[in-house]
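A structural walkthrough
Chain by chain, the residues:
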Amino acid sequence: MTFLELAEKVLEDTQIPMKTGEIWAYGVEKGYDKKVNSSGKTPWSTLAAQMYVNARDSQNSPFGATGTRPKKFFLKSFKNIDELIEQAEKEEIKKVETEEKELKKKSYLEKELHSVLAYFAYYYLRCYTKTISHSTSNKKEFGEWVHPDMVGCYFSIEDWAAEVNELSNTVGNPTIKIYSFELKRKVTFANLREVFFQTVSNSTWANESYLVTAELAADDELNNELKRLSTSFGIGVIKLDIENPDNSEILFPSRTSENLDWETMNKLTMNKDFTDFLKRINNDLKSREIRKEWYDLILDKEKLIEKFK
């Protein structure tokens, strides 16, 4: 069975327009996926790509599509096709209206998420963060696709015995881990590629790099594409919960790089905040004492929650 044959079989079974993520999930539930000859790690993405191309380019395609991305697919042979399309379009309009209402309820700026990430990074990644302000850069060409929004550092001196840290330094093993974060208030299919590749541009110099958001559209196809990009480029994804910061989570882990990109870090020193961050790490390592007051302030959870009410 091919991917397109699986999709056709699923739509014949259900007789309703469906998104590709829903089609794949139904196919797995019925065991149709076991009949597909594929060794790829993301078969749901392959299914989506083939359906989009087939419906768009083939005059003989059995598939039609309705709605904006993510589209819902149907079989042209459906008897009550006009009614089904109308119903699918109404559901899409209702979904958009609901998302807009929810967005209006949450009146906060993207920069306000920095304190939530600082809290999550401190308690769950055990790292100290530093917000990077674009205004502190001393060169105009230092654009948004170079800056990370926040950086962070994990120090092993808090967890390892002094003797172990001394030996690690002697043999040249790293005793810190540096993080880079790109924050976005909301990630949808419409802005996914832009915000993801902005993160790739801004953050892959670090040991671990993350795209961070507080609002992620609840859509299987979006989630699958985000997972595919994360796996391909090693960028982690963090979902912040502004109503309960302790419920924030790493949706997809970052791929850890053992080496830092020193050339990019040198370029980033055009920004005073970043330069201060590097100086602070160096001083803390030399003194073997982390001066927490030089990093982002960690608010109590109650104060964080109050900010977003």
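Refer to the structure printed above.
All values derive from a computational prediction rather than experimental measurement.

Here is what the cut-offs are and how they apply
- Residues numbered from 1 in each chain as written.
- Predicted model: local features only at pLDDT ≥ 70, side-chain atom pairs only at ≥ 80, totals over all residues.
- Heavy atoms only, no water.
- Axes fitted to C-alpha atoms, helices over the stretch in contact; angles between N-to-C directions.
- Helix = DSSP H or I, 4+ residues; strand = E, 2+ residues; numbered from the N terminus.
- Parallel < 35°, antiparallel > 145°, perpendicular 65-115°, else oblique.
- Left-handed = near helix turned anticlockwise from the far one by under 90°.
- Contact = heavy atoms within 4.5 Å.
- Nonpolar A, V, L, I, M, F, W, Y, C, P; charged D, E, K, R; others polar.
- Disulfide = S-S within 2.5 Å.
- Pairing = 2+ DSSP bridges.
- Phe/Tyr/Trp six-rings, centres within 6.5 Å; stacked < 30°, edge-to-face > 60°.
- Buried < 20%, exposed > 50% of the residue type's maximum accessible area, 1.4 Å probe, protein only.
- Right-handed = clockwise from strand over helix to strand, strands pointing away.
- Salt bridge = Lys/Arg side-chain N within 4 Å of Asp/Glu carboxyl O.

To continue, consider the packing of helix H2 (residues 20–30) against helix H3 (residues 43–57). Closest axis-to-axis distance for the H2/H3 pair is 9 Å, and the angle between their directions is 125°. In terms of axis orientation, H2 runs oblique to H3. Crossing of H2 against H3: the hand is right-handed. Facing H2, whose interface residues are Thr 20, Ile 23 and Trp 24, H3 presents Pro 43, Trp 44, Leu 47, Ala 48, Met 51 and Tyr 52. Split into classes, the residues belonging to the contact of H2 with H3 amount to 8 nonpolar, 1 polar and no charged.

As enumerated under the stated definition, the model contains 0 disulfides in all. As a non-bridged cysteine, Cys 127 has Cys 153 as the owner of its nearest cysteine sulfur, 7.8 Å distant.

Tracing the chain through its elements places Tyr 179 in strand S5 (residues 176–187). With 29 residues separating them in the primary sequence, Tyr 179 and Glu 208 have C-alpha atoms 4.9 Å apart.

With that out of the way, let us pick up the sheet that holds strand S6 (residues 208–216). Read from one edge of the open sheet, 6 strands run S3-S4-S5-S6-S7-S8, paired in mixed fashion. The sheet is open, and its two edges are formed by strand S3 (128–131) and strand S8 (249–252), each paired on a single side. Between one strand axis and the next, the sheet turns by 30° as a mean value, whatever way the strands run. Summarising the sheet, S3 and strand S4 (residues 150–155) pair through 4 bridges and their orientation is antiparallel. Bridging from a neighbouring strand, Thr 129 pairs with Gly 152 of S4. Relative to S5, helix H7 (residues 192–203) is tilted by about 160°, and along the sheet it contacts S5 and S6. Seen against the sheet, helix H8 (residues 220–233) touches S5, S6, strand S7 (236–239) and S8 and runs at an angle of roughly 80° to S8.

So, about the packing of aromatic side chains. Applying the stated criterion to the full structure yields 17 aromatic pairs. Residues Tyr 52 and Phe 73 carry aromatic rings whose centres are separated by 5.2 Å and whose planes lie at 85° to one another, so their mutual orientation is edge-to-face. With Tyr 52 in helix H3 and Phe 73 in strand S2 (residues 72–75), this pair connects stretches of sequence that are 21 residues apart. Using a relative accessible area of 16% as the deciding quantity, one classes Tyr 52 as buried. Their ring planes at 90° and their centres at 5.2 Å tell us that Phe 197 and Phe 233 sit as a pair that is edge-to-face.

Attention now moves to the pairing of S5. Across 6 bridges, S4 lies against S5 in antiparallel orientation. Residue pairing across strands places Tyr 154 opposite Lys 177, the latter belonging to S5. Pairing of S5 with S6, which is carried by 8 bridges, proceeds in the parallel orientation. Bridge pairing in S6 places Tyr 179 opposite Glu 208. On the question of chirality, the crossover connecting S5 to the parallel S6 by way of H7 is right-handed.

Attention now moves to the pattern of salt bridges. On inspection of all chains with the given rule, the structure shows 11 salt bridges. With its nearest N and O atoms 3.5 Å apart, the salt bridge here joins Lys 184 to Glu 182. With respect to class, Lys 184 is no different from Glu 182; both count as buried. Across the pair Asp 276 and Lys 272 runs a salt bridge, and its minimum N-O distance is 2.8 Å. Of this pair, Asp 276 and Lys 272 both sit in helix H10 (residues 272–287), 4 residues apart, which is roughly one turn of that helix. Under the relative-accessibility criterion, Asp 276 is labelled partly exposed at 29%. If you follow the salt bridges from partner to partner, you end up with Arg 193, Glu 225 and Arg 228 in one network.

We now examine helix H5 (residues 113–125). With 10 of its 13 residues buried, H5 lies for the most part within the structure. Taken together, the buried positions of H5 are occupied by Leu 113, His 114, Ser 115, Val 116, Leu 117, Ala 118, Tyr 119, Phe 120, Ala 121 and Leu 125.

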